[in-house]
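# Architecture at a glance
Below are the chains, spelled out letter by letter.
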Amino acid sequence: MMYKTIFKCRYILAVMVFCALGQVRAQKTSFQPGKLWFDNNQRLINAHGGGVLYHEGKYYWFGEHKGEQSNAAWVGVTCYSSADLYNWEDEGVALAVSKDEDSPIVEGSTIERPKVIYNEETEKFVMYFHLELKGRGYEAAHVGIATSDNPAGPYQFIKNGRVNSGKWPSNMTEGQRTSTDKPDDYEWWTKEWMNAIENGLFVRRDFKAGQMSRDMTLFVDDDHKAYHIYSSEDNLTLHIAELTEDYLDYTGKYIRIEPGGHNEAPAIFKKDGRYFMITSGCTGWDPNAARLLTADHILGQWTLHPNPCVGKDAELTFHSQGTFILPVAGKNDAFIFMADRWRPENPIDGRYVWLPILFEDGMHILQWSNQWDLSVFDQLD
Ligand code: GAL
């Protein structure tokens, strides 16, 4: 009897040790850009075009849920949480698509590039995303807004639409505002048309209905003011729009950046009082060379710099397109460039490319690494 009990206890202990070892083995301690990334349930992380919120000691990664055949939203925005950035726990669906055909976020609509920020005043988590209405391709160019009382959700859909209708960008001159030429006066892609675009042809076209908003990110500054940064004017020009104090609307203050410059996939961070933005060119799901922009004021003058990527495949952003720049909590000047390697023929197989932002002579650079961990940032201190 005694012997049997000891045997049983040893057996249970062995199983426990085995499980614990398995657990330890499963703990990841590095990033492997472009490889398959699994969550705590050993399922592929499905959070594309994502962004990360850091809240009370935890990171929350929000992204587009993608299926095998279509890029449309059949599930919604997913959420994963992590304490260390390497190991991610599935938090389920943060914003679910609706079954109601009248809802702007009905199953089969397109929900892309969700980002979440926290409003300390209202204590609400606020999600913005690029929304395309079902059956209308990419024509609507709307922003969608949802809120929640909890970081991982569930988020309630609030509203959608174009941006800043009836408002002029503050860096558009009086002459540009009052010009009377129309899109029909030009043939697309001619020199004259490009010139007219730079002078605000599409801003005027969309003045009443509101400005188009596709690829996007959000940014909260040190003074708690938040900004929506989005590709507008048929993806030809980036806009940065200031949000109201509750982050649920626009103050009407906004600027155009690089008119006609074809910037998509904006991602931004701030270091030593200076704003850095990495964008992509505009080639759909195909990768292209990233661009770097800097400014001393977020609504100020932005300067374009050469591609921040160096080394092999730099001209293709290492076969990826940026989505967010993640500041690592508790480390100085530690930022991670998050990007997607899209697979439009099997969207769920899109891969995550996360790379550390390194600095050289005050400018930052991105270089490929098969595997890396957060200790790369310690060398910067
Ligand atoms: C990309 C964009 C993606 C998605 C895609 C659709 O340029 O960055 O988020 O919208 O186009 O073709």
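Everything below is about the structure shown above.
How each quantity is defined
- Residues numbered from 1 in each chain as written.
- Predicted model: local features only at pLDDT ≥ 70, side-chain atom pairs only at ≥ 80, totals over all residues.
- Heavy atoms only, no water.
- Helix = DSSP H or I, 4+ residues; strand = E, 2+ residues; numbered from the N terminus.
- Rg over C-alpha atoms; globule rule 2.2 N^0.38 Å.
- Buried < 20%, exposed > 50% of the residue type's maximum accessible area, 1.4 Å probe, protein only.
- Areas by Shrake-Rupley, 256 points an atom, 1.4 Å probe, with all protein chains shown as cover.
- Core = buried A, V, L, I, M, F, W, Y, C linked by side-chain atoms within 4.5 Å.
- Contact = heavy atoms within 4.5 Å.
- Salt bridge = Lys/Arg side-chain N within 4 Å of Asp/Glu carboxyl O.
- Pairing = 2+ DSSP bridges.
- Axes fitted to C-alpha atoms, helices over the stretch in contact; angles between N-to-C directions.
- Near = heavy atom within 4 Å.
- Polar contact = N/O pair within 3.5 Å; in protein donor to acceptor, adjacent residues only side chain to side chain.
- Nonpolar A, V, L, I, M, F, W, Y, C, P; charged D, E, K, R; others polar.
- Phe/Tyr/Trp six-rings, centres within 6.5 Å; stacked < 30°, edge-to-face > 60°.
- Lys NZ or Arg CZ within 6 Å of the ring centre and 35° of its normal.

### Some remarks on the overall build of the protein chain
When its secondary structure is counted, the protein chain shows four helices and 22 strands. For a compact globule of 381 residues, the expected C-alpha radius of gyration is about 21 Å, and the protein chain comes in at 22 Å, within 12% of that figure. Projected onto its principal axes, the C-alpha positions of the protein chain cover 95 × 55 × 45 Å. Within the protein chain, the proportion of its 381 residues that are buried is 51%. With the model as given, the accessible surface of the protein chain reaches about 17900 Å², and the carbon-plus-sulfur share is 52%.

### A look at unusual backbone geometry
Along the chain, Gly153 connects to Pro154 via a cis peptide bond; the corresponding omega equals 5°. Looking at the element boundaries, Pro154 is found in the loop between strand 7 (142-148) and strand 8 (156-161). Even without glycine at this site, Glu123 takes up a positive phi of about 60°. Following the sequence through the fold, Glu123 ends up in the loop between strand 5 (110-119) and strand 6 (124-132). Despite not being glycine, Phe318 shows a phi value in the positive range, around 55°. Take Phe318: it is sitting in the loop between strand 17 (309-310) and strand 18 (321-327). With relative accessibility at 2%, the residue Phe318 sits in the buried group.

### Comments concerning the nonpolar core
In terms of nonpolar packing, the biggest core is built from 41 residues, with Trp61, Leu85, Ile336 and Trp354 touching the most fellow members. Secondary-structure elements contributing two or more residues to this core are strand 2 (58-64), strand 13 (264-271), strand 14 (274-280), strand 18, strand 19 (335-341) and strand 20 (351-356). Among all residues touching Trp354, those that are not within four sequence positions of it are Phe31, Pro33, Trp37, Trp61, Leu85, Trp88, Leu326, Ile336, Phe337, Met338, Ala339 and Trp372. Grouped together as the second largest cluster of nonpolar side chains are 21 residues, Phe62, Leu95, Val97 and Phe129 included.

### Topic: the pattern of salt bridges
All chains considered together, the criterion is met by 23 salt bridges. As a salt-bridge pair, Lys271 and Asp272 come within 3.0 Å of each other at their nearest N and O atoms. Since its relative accessible area comes to 66%, Asp272 is described here as exposed. The shortest N-O distance in the salt bridge between Asp378 and Lys331 comes to 2.7 Å. In this pair, Asp378 is assigned in the segment after strand 22 (363-367) and Lys331 in the loop between strand 18 and strand 19, connecting sequence segments 47 residues apart. Overall, Lys331 belongs to the partly exposed group, its relative accessible area being 27%. Residues joined in a network through salt bridges with shared partners are Arg162, Arg205, Asp206 and Asp234.

### Observations regarding the sheet that holds strand 8
Read from one edge to the other, the open sheet built from four strands follows the order 5-6-7-8, with strand pairing classed as antiparallel. Two strands close off the open sheet at either side, each with one partner strand: strand 5 and strand 8. Strand after strand, the sheet turns through a mean of 20° between neighbouring axes, direction not considered.

### As for the site of the ligand
Around the ligand, the structure places Glu112, Arg113, Tyr138, Asp215, Glu264, Gly284, Trp285 and Gln321. Here an oxygen atom of the ligand sits 2.9 Å away from a polar atom, N or O, in the side chain of Arg113. Here an oxygen atom of the ligand sits 2.5 Å away from a polar atom, N or O, in the side chain of Glu264. Classifying every residue of the shell around the ligand gives two nonpolar, two polar and four charged.

### Concerning the sheet that holds strand 12 (residues 250-257)
Reading across the sheet, the four strands line up as 9-10-11-12 and stay open at both edges, with antiparallel pairing between neighbours. On the outer flanks of this sheet lie strand 9 (216-220) and strand 12, each paired with one strand and no other. Sheet twist, expressed as the mean angle between neighbouring strand axes with direction ignored, is 25°. Examined bridge by bridge, strand 10 (residues 226-232) and strand 11 (residues 237-243) share six bridges and lie antiparallel to one another. Bridging from a neighbouring strand, Tyr227 pairs with Glu242 of strand 11.

### Comments concerning the packing of aromatic side chains
Ring pairs (aromatic) are described by centroid distance and by the angle formed between their planes. According to the stated counting rule, one finds 30 aromatic pairs in the structure shown. Considering the side-chain rings of Trp61 and Tyr80, the 6.3 Å spacing of their centres and the 50° angle between planes classify their relative orientation as tilted. Here Trp61, found in strand 2, pairs with Tyr80, found in strand 3 (residues 76-82); they are 19 residues apart in sequence, far enough to count as distant. Looking at Trp61, the relative accessible area reads 1%, which means it is buried. Between Phe269 and Phe335, the aromatic rings sit 4.3 Å apart at their centres with planes inclined by 40°, giving tilted as the arrangement. You can see Phe269 sitting in strand 13 and its partner Phe335 sitting in strand 19, a full 66 residues away along the chain. One aromatic cluster is present, formed by Phe31, Trp37, Trp61, Tyr80, Tyr86, Trp88, Tyr352, Trp354, Trp372 and Phe377 through successive ring pairs. The aromatic ring of Phe202 is capped on one face by Arg205, whose charged end is 3.8 Å from the ring centroid. Here Lys271 stacks its cationic end above the ring of Phe359, 4.4 Å away from the centre of that ring.

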